Amino acid sequence: MLDHVSMRQVSPVFVGRGPELSKLRSLLAGAAGGEPAVVVVGGDAGIGKSRLIEEFVRPLLDPEPGRGPSAEGGERPADVRVLIGGCAELGDEGVAYAPFVAALRQLLRDCPAAFGDNNGVRRRELSWLLPELAEGMTAEPARPARMERHDEGLPAVTRAGEISARGRLFDAVLGLLEDLGSDETLLLVLEDLHWADRSTRDLLGFLARSLRESRVLVAATYRTDDLHRGHPLRPFLAELDRIRGVRRVDLGPLTTGETAEQLASIYGKTGRDLPPGFAEEVFARAEGNPFFTEELACAVTEGSALMPSDVGGFALSDTLRDLLLIKVEQLPEPTQRMLRLLSAALPPVDHRFLLLVTGTTDDELNELIRPAFQAHILVPGEGPTSYRFRHALLREAVHNELLPGEHSALHRRYAELLEAEPSLVAAEMREVELAHHWYSARDYARAYDAAVKAAESADARYAYAEEHQMLERALDLWDQVPEPGLDYARLLYKTACAAHLAGDPHRALSLTDKALKRVDPGQDPELAALLHHLRSRDHHVLGRSDGMADIWAALDLVDGESSPQVRVQITNSASFIKMLTSDDIDAALRFAEETALLADKIDSDLYRIAAAITKGTVLAGQVSLGTHEQGLANLRQAIIDALGFGDPGVIGRGYINLCSALETLDRHQEAVQVARAGLAELKRRGVRLRIAESMLWTNMAESLIALGHWDEAVLALNSSLDLDPPGIHGSTAHEYLADLAMLRGAPETARAELALGARIPSRGFEHQYALPGIRREIEKAAWLTRSIADARTAFQAFLDKPQFLGDERYAWRVLTAMAMAEADHAEMTRAAARSGASPADVASSALMAALAERAARLPAVTPSQ
């Protein structure tokens, strides 16, 4: 039967399995058309196999005839009979034919007439699976073979007789399924094949080879992590793969964005918002496993506090810990001790490192490790001679089994070995591991020093997330270190900068506000200015304000003579904000010029390039002034300079702005190429900039929509959401998905995506976000809620705006949407009334006059030549 998991913390929204669900629906539609199939769904424990099957089966169990979507968007097959059976966990060989017995018993209960056949022959054969079918029968059928016994010593004639009897049984099952499939589509679900006995596997293999031209789909599930090297299901699956009509569906982990969606849905049941950063922490520990994610969410949604642990941020639930440790506890005790030692190291762990920790020989260590490999608890690491736990939470569960004294001593041993033999780990990981081990050994002074050094190393590699993590550790330890070397406010600032660069503006704001309370602007004006500047950027990213209030405060604190290195950062941000939020392009250009002058003064290529990007973007957007080609040339040169300079942030910004500028000029294909080049360049440099990458994906999607490549646009937007971008960047991706849903005539999907986008406040101070927001309000009112009054209210907000220099493309789309809305409304009014003018028509005339007047003075987007 289906594994109906307790709904205590199960996400009410089915997340991240759209392609797999579509494949199952497509196979069912094919079966309904006379193309039988067997589909095998595999994945680790907790990955969502049962949930996928539940979502697939649920609309079939209590449907309205002929209703529900198929994979192609049409109607699902009507009259689908669903039979469900599961294998039992009883050692390597389960109960013979257990899932078929359960499914047929369900059929006997629901439809006993299905077993009535010619003179009871089939009923007699099937009675060996269901003894209750034998009631009233006089002749006893030949007993089917027990193939799992391997009775090689029996005479050949006896074995042949048994095989013949088994063949009759298999034929009886096949005949029953085909008869059922002649009247209606049959879906047979067999769960947990990893526990199946040989007879069950043989019967399933027989059906896979024998089902022909019948309306039958067999769907089976199994756990991949239970398949050790000698597991009997492994060769069976290989054999199935060679059979025509057999399909495989392999479930991988959810993405970061899908995990965030799952958690947001769980939190929605409690009436609370998802805490900032919580989704990222859960994803890092659950690694995209939905069940693990739900169990980790229990700690918060049920009201318990987040409990610190040495490996993660909060304690494992008893349910999850027990699930993870079941297979570990079945291993020999020496192997369990070795696993506890291994759990204290950061993965992957080199064989040489483990030899030193365990004090064993090569042969002895290999014998200790072998059972853990065979049980799929350990897997090879990235290096040629390294190991790691199959799942991070498994390592954590084992690690938590260490006794307190054993725990501290072991971590000190690891730290001392690293100090003595630095080559035991990669150079970039040495300080990180030292910080981890000294902290776990409660030697806080050494842990602090290692954390600061690890942060510096990460910053040099543009590994901002790792830098942020290490600086947070340093903050935690600061008041326990006699001479920390850094003022606390400056450490807060460094940590806030790392959080900002790592794509966590919420945490950056919290740290910045805390630091501003500790800084006297009169004593340290530069630090105060830098903090105001950083707060401006995070307010802007989150859509809370344009950030200029903090920019003005920062500019008042420093000047270009005494603090050029600080002021250049602020003028650069001022030019950027003015470029995006103001119709005064002169202000943007003035700040860009000041940035360029200060860059020359301090000899900074970074700010020379940044100023050139701002200036190029402004000029590229001014089609009516004829500066667009000059602006594009400036942007291309700035990207070349940025690539030579090497800073990922300025490289990403150059590609983003050039892509946007090309889209403004209706050069959609070029814009797509630039976005792809930018993403490839960031990937080549081995950095992850969540905001920059998500913006490139979203910009690409905008151009793909304009080109009519809607499927590609959906893939690009999902790639953007996979990065879990903060603030407006995530909501914009959802809003474009809503646009596509409305274009495709899918109103429910459009409503759902608009609701997801509305979770973030709109950036009313930026035309590139405000104007599409107005357009969507018009389209939503006109085609989803059918309220022309709401559409007109939204359009009035557009009329109240003065001009849209550089953002005319968005303004034209607002005008087009409103004109279409009024045309549709007029047609509906004529169809309903058929006579006379209505008040709505009068109001519409006035509004249409305003629309025409604004269109007449709005510059063209695309140059005429």
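As a reminder, the structure under discussion sits directly above these lines.
Residues numbered from 1 in each chain as written. Predicted model: local features only at pLDDT ≥ 70, side-chain atom pairs only at ≥ 80, totals over all residues. Heavy atoms only, no water.

Overview of the sheet that holds strand β7 (residues 378-380)
Then step 1. One open sheet holds the three strands; their spatial order is β6-β8-β7, and the pairing between them is antiparallel. The sheet is open, and its two borders are formed by β6 (349-350) and β7, each paired with just one other strand.
Then step 2. Inspection of the sheet shows β7 paired to strand β8 (residues 386-389) by three bridges, in the antiparallel sense. Among the inter-strand pairings, V379 is bridged to a residue of β8, identified as R388.
Then step 3. Contacting β7 and β8, helix α14 (residues 362-374) crosses the sheet at an angle of about 100° to β7. (Pairing = 2+ DSSP bridges. Helix = DSSP H or I, 4+ residues; strand = E, 2+ residues; numbered from the N terminus. Contact = heavy atoms within 4.5 Å. Axes fitted to C-alpha atoms, helices over the stretch in contact; angles between N-to-C directions.)

With respect to the sheet that holds strand β3 (residues 185-191)
Then step 1. As summarised here, the arrangement of the five strands in space is β2-β3-β4-β1-β5, forming an open sheet in which the pairing is parallel. Edge positions in the sheet fall to β2 (80-86) and β5 (246-250), since each of these pairs with one other strand and no more. The sheet shows a mean angle of 15° between the axes of neighbouring strands, taken without regard to direction.
Then step 2. With five bridges connecting them, strand β1 (residues 37-43) and β5 associate as parallel partners. Bridge pairing in β5 places V41 opposite V249.

Let's talk about the side chain of H231
Then step 1. Among the secondary structure elements, H231 is positioned in the loop between β4 (216-223) and α7 (233-241).
Then step 2. Note on H231: relative accessible area 8%, which makes it buried.
Then step 3. Setting aside anything within four residues of it in sequence, one finds H231 in contact with H194 and D226. (Buried < 20%, exposed > 50% of the residue type's maximum accessible area, 1.4 Å probe, protein only.)

As for α7
Then step 1. All buried positions along α7 are accounted for by L233, F236, L237 and L240. When α7 is viewed along its axis, its buried side chains cluster within an angular range of 100° and face the same direction.
Then step 2. Looking at the buried residues of α7, the elements they touch are β1, α6 (198-210), β4 and β5. (Arc of directions from axis to C-beta.)

Here we look at the nonpolar core
Then step 1. M338, L339 and F353 are the most contacted members of the largest nonpolar core, which totals 93 residues.
Then step 2. Counting residues per element, this core draws most heavily on helix α20 (residues 488-501), which supplies eight residues.
Then step 3. Excluding its chain neighbours within four sequence positions, the residues that come into contact with L339 are V328, L331, A372, I377, L378, F389 and V398.
Then step 4. Membership of the second largest hydrophobic core comes to 63 residues, among which are Y464, I774, I788 and F798. (Core = buried A, V, L, I, M, F, W, Y, C linked by side-chain atoms within 4.5 Å.)

Everything listed here is a matter of coordinates, which is why it stays silent on function.
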